[in-house]
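Listed below, chain by chain, are the residues.
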Amino acid sequence: ARAQQLLSFFSLSVRMETLEEVELCFPQFLNASCKKPKHSHFEVILSYIILSSITVLTITLNLIVIISISHFK
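Residues numbered from 1 in each chain as written. Predicted model: local features only at pLDDT ≥ 70, side-chain atom pairs only at ≥ 80, totals over all residues. Heavy atoms only, no water.

Caption draft 1: Representation of the overall build of the protein chain in the model. Counting its regular elements, the protein chain contains two helices and zero strands. Counting only residues that meet the buried cut, the protein chain has 1% of its 73 residues in that class. For the protein chain, the accessible area works out to roughly 7300 Å², and carbon and sulfur atoms hold 71% of it. (Helix = DSSP H or I, 4+ residues; strand = E, 2+ residues; numbered from the N terminus. Buried < 20%, exposed > 50% of the residue type's maximum accessible area, 1.4 Å probe, protein only. Areas by Shrake-Rupley, 256 points an atom, 1.4 Å probe, with all protein chains shown as cover.)

Caption draft 2: A look at a nonpolar patch on the surface. Together, Phe42, Leu46, Ile50, Leu51 and Ile54 make up a nonpolar patch on the protein surface, roughly 510 Å² of accessible area in all. Tracing the backbone through its elements, the reader meets isoleucine 50 in helix H2 (residues 41–71). (Patch = residues over 30% accessible without salt bridge, like charges linked within 9 Å, V, L, I, M, F, W, Y side chains within 5 Å. Salt bridge = Lys/Arg side-chain N within 4 Å of Asp/Glu carboxyl O.)

See below:
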């Protein structure tokens, strides 16, 4: 029973690896299901910088609002 469980787990993991390696693409859906091309390193870094800056700005402004409300209360 234990050997059968290990064998079924192994076959499941092999099937999952095979599914991950296969590029699933259905042209009848106007290629909406195809994997998108990877972005350049510059675009990724720029996106992270912009999103991080927006996050820091939001946190800072929220803290300013919290401090001003608690100060004038």
